[in-house]
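# Structural overview
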Amino acid sequence: MAVLEILVYPDPRLKQISKPVTQFDGPLRSFVQDLEETLRAGPGGVGIAAPQVGRFERIIIVDVSSKPKIKHHGRLVLINPEILSQEGSAVGREGCLSVPEYTGNVARSKFITLRAQDEFGKPLEFNMERYEARAVQHEMDHLDGLLLLDRLVSRRDLFRRQTQEATAPKTKTS
Ligand code: NI
């Protein structure tokens, strides 16, 4: 297991489009473990996507279970995720391990039906709402080379973080 280095904006690699996973093998599962360790090491992260650590494959991890009073499905490894349907729209504040100095307001679908595979290739399907649905949509954007900076509701919807947060451990700021 290892904590991997996180690519930080404006690293051009963050704009790359990731490829579907086709091999559900031991090396994939060991990468997923490293990705999860990297997520856990970061400051308050609820999700991470493989391209954020320079692996351009369609793999995300989402776990919003630490947030109080929300509906969620626990820790999710979501490989080749696809949104089958979506409904409603809401604006909410988002942060990103790859944009450590800012948060921003982004509009996302309130309800989604999601299809994905787990790290063994088993098909999964979830109905998700609000915060969890937002986290999944944010991480899926990384797979298509998009950051919250590309999705801001307006220019005034970008906010600089407090200094302590911006320099929290494990956040690469150089
Ligand atoms: Ni992000």
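Up top is the structure.
Let me begin by describing the structure that accompanies this report. Everything quoted here is computed from the prediction, not taken from an experiment.

Conventions adopted
- Residues numbered from 1 in each chain as written.
- Predicted model: local features only at pLDDT ≥ 70, side-chain atom pairs only at ≥ 80, totals over all residues.
- Heavy atoms only, no water.
- Helix = DSSP H or I, 4+ residues; strand = E, 2+ residues; numbered from the N terminus.
- Buried < 20%, exposed > 50% of the residue type's maximum accessible area, 1.4 Å probe, protein only.
- Contact = heavy atoms within 4.5 Å.
- Areas by Shrake-Rupley, 256 points an atom, 1.4 Å probe, with all protein chains shown as cover.
- Core = buried A, V, L, I, M, F, W, Y, C linked by side-chain atoms within 4.5 Å.
- Donors = N, O, S within 2.8 Å, 3.2 Å for Na, K, Ca; no water.
- Expected span 1.5 Å × (residues − 1).
- Pairing = 2+ DSSP bridges.
- Axes fitted to C-alpha atoms, helices over the stretch in contact; angles between N-to-C directions.
- Salt bridge = Lys/Arg side-chain N within 4 Å of Asp/Glu carboxyl O.

### A closer look at the overall build of the protein
- Counting its regular elements, the protein contains 3 helices and 8 strands.
- Across the protein, helices and strands are ordered from the amino to the carboxyl terminus as α-β-β-β-β-β-β-β-α-β-α.
- The dimensions of the protein, computed from C-alpha atoms along their principal axes, are 40 × 35 × 30 Å.
- Considering the protein as a whole, with its 174 residues, one finds that 46% of them fall into the buried category.
- Sequence-distant contacts in the protein: of pairs separated by 6 or more residues, those separated by 24 or more amount to 68%.
- Of the roughly 9,300 Å² that the protein leaves accessible, carbon and sulfur atoms contribute 49%.

### As for the nonpolar core
- One finds Ile60, Leu78, Leu114, Phe126, Met128 and Val136 to be the most contacted residues of the largest nonpolar core, which totals 18 residues.
- Listing elements by their share of this core, those giving two or more residues are strand E2 (59-62), strand E3 (76-87), strand E6 (111-117), strand E7 (123-129) and helix H2 (130-143).
- The element best represented in this core is H2, accounting for 5 residues.
- Apart from the residues lying within four places of it in its own chain, the contact partners of Leu78 are Arg58, Ile59, Ile60, Leu114, Ala116, Gln117, Leu124, Phe126 and Val136.
- Judged by nonpolar contacts, the second largest core, of 15 residues, contains Ile6, Leu39, Val53 and Ile61.

### Regarding the coordination of the nickel ion
- All of the protein donors around the nickel ion are Cys96 (SG), His138 (NE2) and His142 (NE2); their distances to the metal are 2.1 to 2.3 Å.
- Written as a sequence motif, the donor residues of the nickel ion are C-x41-H-x3-H. Here the residue His138 and the residue His142 both occupy positions in helix H2, the gap between them amounting to 4 residues, near one helical turn.
- Look at His138 and you get buried, because its relative accessible area is 6%.

### Re H2
- Here H2 is 14 residues long and its end C-alpha atoms lie 20 Å apart, about the 20 Å a rise of 1.5 Å per residue gives.
- Within the sequence span of H2, burial applies to Glu132, Ala133, Arg134, Ala135, Val136, Gln137, His138, Glu139, Met140, Asp141, His142 and Leu143.
- Just past H2, the residue Gly145 takes up positive phi, approximately 75 degrees.

### Structural notes on helix H1 (residues 26-41)
- For H1, which comprises 16 residues, the first-to-last C-alpha distance of 23 Å matches the rise-based estimate of 22 Å (1.5 Å per residue) to within 8%.
- Of all the residues in H1, the buried ones are Leu28, Phe31, Val32, Asp34, Leu35, Glu36, Thr38 and Leu39.
- Summarising the contacts, the buried residues of H1 are in contact with strand E1 (47-49), E2 and E3.

### Overview of the sheet that holds strand E4 (residues 90-94)
- Pairing within the open sheet is antiparallel, and its 3 strands lie in the order E4-E5-E8. Strands at the two margins of the open sheet, each flanked by one partner only, are E4 and strand E8 (158-160). Within this sheet the neighbouring strands show an average axis-to-axis angle of 25 degrees, counted without direction.
- Direction of pairing for strand E5 (residues 102-108) relative to E8: antiparallel, over a ladder of 3 bridges. By the bridge assignment, Tyr102 is partnered in E8 with Arg160.

### Examining the pattern of salt bridges
- For the coordinates displayed, the defined rule picks out 15 salt bridges.
- With a closest N to O distance of 3.9 Å, Arg75 and Glu119 form a salt bridge. Highlighted residues: Arg75 in the loop between E2 and E3 and Glu119 in the loop between E6 and E7, separated in sequence by 44 residues.
- Looking at Arg75, the relative accessible area reads 38%, which means it is partly exposed.
- Connected through shared salt-bridge partners, Glu36, Arg40, Asp63, Arg75 and Glu119 make up one network.

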